[in-house]
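A look at the structure
Letter by letter, the chains look like this.
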Amino acid sequence: MPKKAYISAVSHYVPEKVLTNFDLEKMVDTSDEWIRTRTGIRERHILEPGKATSDMGAEAVKKLCQNRGIDPMEIDGIIVATVTPDMFFPSTGNLVQEKSGAKNAWSFDIAAACSGFIYSLSVAAQFIVAGTAKKIVVVGADKMSAITNYRDRNTCVLFGDAAGAVLLEPTEDENVGIMDFLLYSDGSGADFLKMKAGGSLYPASLETVANDWHFIYQDGKSVFKFAVTKMAEVSVDILEKNGLQGNDLTLFVPHQANLRIIDAAVKRLGIDYDRVMINIDRYGNTTAATIPLALSEAYLEGRLDIGDLVLFATFGGGFTWASSLLRWGIPKPDGK
Ligand code: UT7
């Protein structure tokens, strides 16, 4: 039996401070009712000033090691998916490595916007299957508040800060492990969702700051149209490719960007809502963190047991979209 990678631990970190829809009503021309009905979001968490993406990532990694009962020194590699690195370089992976005490791990970042976690998981899994690493941590972490314009009602109601992490290890148990990935990108979508300045095209200048080019720009309607189609398609396709159907799933863990986009994928899959993990109401869109955060909460709620079939699906800036299918490999938490 060839080796597979399986998720042997999961964790998350969410900052304490909560920003509710009612708080936002006082900041921009919006309403709790608009935000809830158009997106499904009620509140989101915001990281305190002076802290960065690597601080949330490191907290998630420390918890991950506690959950698995290992020393961070045992980790071989760390991959951080993020669009809000602490700085251009060194990578946020390097900073997480240092802050979590994972001194023996190599580390790097992957930038694939909201698809970053699944992309990173696919990379980590190849190392495990090839036998070149035995313990790889995949972190999805974003401090979206750092690039959100709290004067722009089109975007500021959508995003929040969080980190989630999984540990990948090899298994020869055919009943558990990561079974498949589908990854896609289409660069013609680049202009619909982006942070324009701060890179090599528009380095920071008085002009870029004055024009708000260091904040998220999104053409919401265009992204929505693309997302509704692609997240449903990539979910159904990976099941069909593996000879499975929606009802074989124990849990669908979709990217949490908009409840209406999740609804469309759920309808296409033909599954009941009790098989879908949703926490967008409490966290908003945390970009690379949504899937590991939702997975970690689902696990803690006792919704997953050994051998259960789990589907991840996502879409986002780039455009990028992706899915992954796996069989769960961690026993339920005590008392669940
Ligand atoms: O993970 C990254 C991928 N990104 C996404 O998945 C986001 C995809 N897009 C969306 O989720 C939705 O397009 C939004 C939630 C961003 C917007 O919802 P929508 O139903 O597409 O609204 P809209 O952009 O068509 O705007 C409808 C109206 C507009 O007013 P007019 O022009 O009809 O008078 C907007 O100005 O709603 C207005 N509007 C708001 N009103 C109150 C936009 N934002 C707000 C707001 N509060 N926060």
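This structure is a prediction, so every number in the text was calculated from the model and none was measured. (Residues numbered from 1 in each chain as written. Predicted model: local features only at pLDDT ≥ 70, side-chain atom pairs only at ≥ 80, totals over all residues. Heavy atoms only, no water.)

Turning next to the domain arrangement of the protein. Split by domain assignment, the protein resolves into domain 1 (4-171) and domain 2 (177-327). Computed over C-alpha atoms, the centres of domain 1 and domain 2 are 14 Å apart. Taken together, the contacts link 50 residues of domain 1 with 48 residues of domain 2. Overall, the association of domain 1 and domain 2 removes approximately 3,900 Å² of surface from exposure, summing both partners, and the carbon and sulfur fraction of that is 67%. Across the pair Arg 151 and Asp 212 runs a salt bridge, and its minimum N-O distance is 3.4 Å. (Domains from an automatic or database assignment. Contact = heavy atoms within 4.5 Å. Buried area = accessible area lost by both parts, 1.4 Å probe. Salt bridge = Lys/Arg side-chain N within 4 Å of Asp/Glu carboxyl O.)

Strand order in the open sheet made by the five strands is 1-7-6-4-5, with mixed pairing throughout. In this open sheet, the two strands that pair with only one neighbour each are strand 1 (4-13) and strand 5 (106-110). Averaged over all pairs of adjacent strands, the angle between strand axes in this sheet comes to 20°, irrespective of strand direction. Pairing between strand 6 (residues 136-143) and strand 7 (residues 161-171): eight bridges, direction antiparallel. Counted as the bridge partner of Val 138 is Val 166 from strand 7. In the packing of helix 3 (residues 53-68) onto the sheet, the strands contacted are strand 1, strand 6 and strand 7, and the crossing angle to strand 1 comes to about 120°. (Pairing = 2+ DSSP bridges. Helix = DSSP H or I, 4+ residues; strand = E, 2+ residues; numbered from the N terminus. Axes fitted to C-alpha atoms, helices over the stretch in contact; angles between N-to-C directions.)

Here Asp 32 lies in helix 2 (residues 32-39). In this structure Asp 32 touches Asn 21, Phe 22 and Glu 25, once residues within four positions along its chain are discounted.

The alternating pattern of strand 11 (residues 251-254) places Leu 251 and Val 253 and Phe 252 and Pro 254 on opposite faces, both of which are buried. In terms of strand pairing, strand 11 meets strand 12 (residues 309-316) through four bridges, oriented parallel. Residue Pro 254 lies in a different strand from strand 12, and its bridge partner there is Ala 313. (Buried < 20%, exposed > 50% of the residue type's maximum accessible area, 1.4 Å probe, protein only.)

What follows is about the UniProt feature "domain: Beta-ketoacyl-[acyl-carrier-protein] synthase III N-terminal" (unreviewed entry) in the protein. Taken from the UniProt record, the annotation "domain: Beta-ketoacyl-[acyl-carrier-protein] synthase III N-terminal" (unreviewed entry) applies to residues 108-187. Taken end to end, residues 108-187 has its terminal C-alpha atoms 23 Å apart, with 24% of it in helix and 39% in strand. (UniProt positions renumbered as here; feature names shortened; annotations may be inferred.)

Turning next to the site of the ligand. Neighbouring the ligand are 23 residues, the closest being Thr 30, Arg 38, Lys 221, Asn 258 and Asn 285. Take Arg 38: an N or O atom from its side chain is 2.8 Å from an oxygen atom of the ligand. The side chain of Asn 258 places a nitrogen or oxygen atom 2.7 Å from an oxygen atom of the ligand. When the ligand is considered free in solution it has 950 Å² of accessible area, and contact with the protein chains removes 76% of it. If you list the elements that add at least two residues to the shell around the ligand, you get helix 2, helix 6 (153-156), helix 8 (220-241) and helix 9 (259-269). For the shell around the ligand, the element with the highest residue contribution is helix 8, accounting for four residues. Built from parts of two domains, the shell around the ligand gets at least three residues from each of domain 1 (4-171) and domain 2 (177-327). (Near = heavy atom within 4 Å. Polar contact = N/O pair within 3.5 Å; in protein donor to acceptor, adjacent residues only side chain to side chain. Areas by Shrake-Rupley, 256 points an atom, 1.4 Å probe, with all protein chains shown as cover.)

Turning to the UniProt feature "active site" (unreviewed entry) in the protein, a few remarks are in order. The sites that carry the UniProt feature "active site" (unreviewed entry) are, in the present numbering, Cys 114, His 255 and Asn 285. Annotated residues spanning 172 residues; largest pairwise C-alpha distance 8.9 Å, indicating a single compact cluster. Among the secondary structure elements, Cys 114 is positioned in the loop between strand 5 and helix 5 (116-130). Since its relative accessible area comes to 10%, Cys 114 is described here as buried. The residues touching Cys 114, leaving out its near neighbours within four places in the chain, are His 255, Asn 285, Thr 287, Thr 314, Phe 315 and Gly 316. With respect to the secondary-structure elements, His 255 resides in the loop between strand 11 and helix 9. Given a relative accessible area of 1%, His 255 falls into the buried group.

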